[in-house]
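Spelled out, the chains give:
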Amino acid sequence: MQEIELKFLVPAARLKGLMRQAKVKSSETSQLAAHYYDTADYTLANAGIGLRIRKEGSNWVQTIKAGGDGLAARLEHNTLLDANQVQAMLDDNNLLPDLSLYQDTPIAPALAEFKLKKLTKNLTRQYVTDVQRTTRLLNDTSNKDSDKSRGNDSNALPNRVEMAYDYGQIIHGNDASSCQPIQEIEFELVSGELEFLFATAKIWCKRYKLCLSTVTKAERGGLLIKGEDHSPAISADLSQLKVDEHSSLPQFIRAVVHNCLLQILPNSSAIVAGSEDDSHLLQLRLGIRRLRVALKAFKKFSEHINPEWSLILRQTEHLLSHYRGLAYIAAHVEPQLVQQGAPNVQWTADIAKLKITPINAIAANDFQITLLELIEFAMSADSDEDSAAPLAVAKLAKILAKKQLKLLKADHQLVDLSDGLTDDLSEKPSEPALQDTEVDSEAVVASHMTGVEKQQAAQHEVQRQLSDLRYITEFAAPLYASKKTKRFLKQLTKAQQALSQHQDHQQYQRYYQQKSTTDINALYGAGWFAALTLSDWQRCQKRLAKVRRTATFW
């Protein structure tokens, strides 16, 4: 069967209020003791499979979870075990799962690549969980809306969601002193419509400021075994983009949103769980940027796209960008300069002055609600909308051509402003700006701007258009299986990366130049990056020239 659930971390400040709603007369509390299994080299975990034997009340249940959509749905198979046999194995300290149970079941394809007998012999208990679970069944009490959503079908199942609050710990299988706390709440669709699950989750999310998490107990147990706090950052994986020439407009945009969320959710989950790793922040920002481009370019592909999503995503991306600019300098740029002989510059106080940290931005309720609505959108399928919609491939050529014209226009303006670039670099740098600030193309010729400001505004506009065209091309590529597509994308990517590096160095120069007003040691960094921008720009010009000469594929 398919399990559809949403998991959240619970802020400590909201726990008491949440527990008052979780522990009502109709709720049930049970103790769950689970043993999780894998091989020494994590064969199952690497395949996205979780395997456990868990005591649920007086029963012992063997469960395997695999596959799914990467958002909220997973395949799950539960088998009730003989309690006496389990107890006998526990007494002999040789409790092991029986993988033969999964032959001729829906879960069998997930295990098809393994030799089950050999795999079973190599299984060992990796970790255990000791959890107190409080469950409550949430029913749809709105009969009118419920009947409408089910089309007045008397045989349709009622809308029901199980809320489960888990409190306990994960314990290392070979070291009981090594453990991690568990405090999370899950909402699982028991029966009825998907929209009731999300409507329920949004109510609880708004009321108790919950934060979405895609990290399973199996994943957390694996991290405990490895001695790690968080899983590695997840970058975009276009192989998971499920579109083709037969995709309708709504199917295409839902698949694109789904692909972006596969990058966003794991990284945002790590940040709300406490990660300060720059790689999580970087990949989250890139995922949000890709999603914003998609929602803007394909906004007419579905009538269910909410324009407020883009506004909230943009605000969140900019908050993250501002923090990352300083944090990256402190953690990476400054140590590299010191290695080159630069005097030390302290950035701790500057970072402390920032009112918004990544966890603040991601835990913000409007961003969490937006994520929920995007997940619901990606998982939904409106048959009426799909059946009447034309194919996406019929619209993409026009979108690509329009975006290319915008890029060429911005590039032309930048070329016109290129004369005198070397002389302009000697002018006083402007204040540090957000690298991802969207610039109106008209602003690059504003009369009040200095030469440096005009150049920077023009470069930002070209970079924005390059990024937009690159991401749109990546989304459209599966519909155009040709060498021209790969060649075009390759040149776009190289130009974007070159211009991005150039803008990074400009940004670092501005930060160090401003810092030098209070710390003269920062002048070294300002001069260092001023020199780098000259060679950067020559590389950018070559890359942009190649983009102009590359044939289109649509």
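Here is what the cut-offs are and how they apply
Residues numbered from 1 in each chain as written. Predicted model: local features only at pLDDT ≥ 70, side-chain atom pairs only at ≥ 80, totals over all residues. Heavy atoms only, no water. Helix = DSSP H or I, 4+ residues; strand = E, 2+ residues; numbered from the N terminus. Rg over C-alpha atoms; globule rule 2.2 N^0.38 Å. Buried < 20%, exposed > 50% of the residue type's maximum accessible area, 1.4 Å probe, protein only. Contact = heavy atoms within 4.5 Å. Areas by Shrake-Rupley, 256 points an atom, 1.4 Å probe, with all protein chains shown as cover. Lys, Arg positive; Asp, Glu negative; His and termini not counted. Charge placed at Lys NZ, Arg CZ, Asp CG, Glu CD. Disulfide = S-S within 2.5 Å. Pairing = 2+ DSSP bridges. Phe/Tyr/Trp six-rings, centres within 6.5 Å; stacked < 30°, edge-to-face > 60°. Polar contact = N/O pair within 3.5 Å; in protein donor to acceptor, adjacent residues only side chain to side chain. Salt bridge = Lys/Arg side-chain N within 4 Å of Asp/Glu carboxyl O. Patch = residues over 30% accessible without salt bridge, like charges linked within 9 Å, V, L, I, M, F, W, Y side chains within 5 Å. Axes fitted to C-alpha atoms, helices over the stretch in contact; angles between N-to-C directions. Parallel < 35°, antiparallel > 145°, perpendicular 65-115°, else oblique. Left-handed = near helix turned anticlockwise from the far one by under 90°. Nonpolar A, V, L, I, M, F, W, Y, C, P; charged D, E, K, R; others polar. pLDDT = per-residue confidence, 0-100.

Draft legend 1. Structural view of the overall build of the protein. For the protein, the helix and strand inventory stands at 19 helices and 9 strands. Here the protein has a C-alpha radius of gyration of 27 Å; the compact-globule value for 554 residues is 24 Å, and the two agree. Dimensions along the principal axes, computed over C-alpha positions, put the protein at roughly 85 × 60 × 50 Å. Here the protein holds 554 residues, and 50% of them are scored as buried. Residue pairs at least 24 apart in sequence account for 77% of intrachain contacts in the protein once pairs closer than 6 positions are excluded. Roughly 27,000 Å² of accessible area belongs to the protein as shown, and the carbon and sulfur atoms make up 50% of that amount. For the protein, the distance from the average position of its 66 positive side-chain charges to the average position of its 66 negative side-chain charges is 4 Å.

Draft legend 2. The state of the cysteines, seen in detail. The final tally for this structure, using the stated rule, is 0 disulfides. In this model cysteine 205 remains outside any disulfide bridge; the closest cysteine sulfur is found in cysteine 211, 7.2 Å from its own.

Draft legend 3. Structural detail: the pairing of strand S3 (residues 50–56). Here S3 lies mainly inside the structure; 5 of its 7 residues are buried. Pairing of strand S2 (residues 28–38) with S3 involves 5 bridges; the strand directions are antiparallel. What sits directly across from histidine 35, in S3, is isoleucine 53. The antiparallel pairing of S3 with strand S4 (residues 59–66) creates a hairpin that spans 2 residues between the two strands, and glycine 57 there sits at a positive phi of about 70 degrees.

Draft legend 4. Inspection of the packing of aromatic side chains at higher detail. Enumeration over the complete set of coordinates arrives at 18 aromatic pairs. Plain terms: the ring middles of phenylalanine 8 and phenylalanine 187 are 5.9 Å apart, the flat faces sit at 75 degrees to each other, and that makes the pair edge-to-face. Pair noted here: phenylalanine 8 is in strand S1 (residues 2–9) and phenylalanine 187 is in strand S8 (residues 179–191), with a separation of 179 residues, a long-range link. When its relative accessible area of 0% is taken as the criterion, phenylalanine 187 is described as buried. Ring geometry for tryptophan 347 versus tyrosine 512: centroids 5.1 Å apart, planes at 85 degrees, classification edge-to-face. Separated by 165 residues along the polypeptide, tryptophan 347 in the loop between helix H10 (307–339) and helix H11 (348–352) and tyrosine 512 in helix H18 (residues 483–515) bring together distant segments of the chain. Both residues of the pair, tryptophan 347 and tyrosine 512, count as buried.

Draft legend 5. View of unusual backbone geometry. Non-glycine residue tyrosine 42 carries a positive phi angle of around 60 degrees. Within the element layout of this structure, tyrosine 42 appears in the loop between S2 and helix H2 (43–46).

Draft legend 6. Spatial organisation of the side chain of lysine 403. Note that lysine 403 resides in helix H15 (residues 393–416). Beyond its immediate stretch of four places on either side in the chain, lysine 403 contacts Gln465, Asp468, Leu469 and Ile472.

Draft legend 7. Structural view of the side chain of threonine 129. Looking at the element boundaries, threonine 129 is found in strand S6 (residues 124–139). In contact with threonine 129, not counting residues within four places along its chain, are Leu32, Ala33, Ala34, Tyr36, Gln169, Ile170 and Ile182.

Draft legend 8. Geometry of the pairing of strand S5 (residues 73–80). Relative to S5, S1 is paired through 3 bridges, and the arrangement is antiparallel. Within S5, the residue paired with glutamate 3 across the bridge is arginine 74. With 6 bridges connecting them, S4 and S5 associate as antiparallel partners. Within S5, the residue paired with isoleucine 64 across the bridge is histidine 77.

Draft legend 9. Structural detail: helix H3 (residues 83–91). The opening residue of H3 is aspartate 82, an N-cap whose side-chain oxygen sits 2.9 Å from the backbone nitrogen of asparagine 84. A positive phi of about 60 degrees marks asparagine 93, the residue just after H3.

Draft legend 10. Summary view of the environment of arginine 510. Positionally, arginine 510 belongs in helix H18. In sequence terms arginine 510 and leucine 32 are 478 residues apart; their C-alpha atoms lie 55 Å from each other.

Draft legend 11. Representation of the pattern of salt bridges. Applying the stated criterion across every chain yields a total of 20 salt bridges. With a closest N to O distance of 2.7 Å, arginine 133 and aspartate 166 form a salt bridge. A residue pair is termed long-range when its members are at least 10 positions apart, and arginine 133 in strand S6 and aspartate 166 in strand S7 (residues 160–172) qualify at 33 residues. For aspartate 166, a relative accessible area of 0% corresponds to the buried category. When salt bridges with common partners are traced through the structure, they connect Lys7, Arg133, Asp166, Glu184, Glu186, Lys217 and Arg220 into a single cluster.

Draft legend 12. Just the environment of leucine 95, in detail. When you line up the elements, leucine 95 lands in the loop between H3 and helix H4 (116–121). Sequence-wise, leucine 95 and arginine 125 are 30 residues apart; in three dimensions their C-alpha atoms are separated by 8.4 Å. Excluding anything up to four places from it in sequence, leucine 95 contacts His35, Tyr37, Ile53, Val86, Met89 and Leu90.

Draft legend 13. Geometry of a positive patch on the surface. On the surface, Lys296, Lys299, Lys300, Arg314, Lys395, Lys398, Lys402, Lys406 and Lys409 cluster together into a patch of positive charge. The dominant element in the positive patch, judged by the number of residues it contributes, is H15, at 5 residues. Along the chain, lysine 402 falls in helix H15.

Draft legend 14. Broad picture of the packing of helix H9 (residues 278–297) against H10. Relative to each other, H9 and H10 sit at 150 degrees, their axes nearing to 9 Å. With respect to H10, the axis of H9 lies roughly antiparallel. Crossing of H9 over H10 shows left-handed handedness. Taken together, the residues that form the contact of H9 with H10 break down as 11 nonpolar, 5 polar and 7 charged.

Draft legend 15. Spatial organisation of the confidence of the model for the protein. Mean pLDDT over the protein works out to 89, with 92% of the residues at or above the 70 mark. By mean pLDDT, helix H16 (residues 421–424) is the weakest element of the protein at 48, and strand S9 (residues 211–212) is the strongest at 98.

Draft legend 16. Expanded view of the packing of helix H1 (residues 15–22) against helix H6 (residues 194–208). Where H1 meets H6, the axes come as close as 10 Å, and the angle between the chain directions of the two elements is 145 degrees. Residues Gly17, Leu18, Gln21 and Ala22 of H1 touch H6, and the partners they reach there are Trp204, Arg207 and Tyr208.

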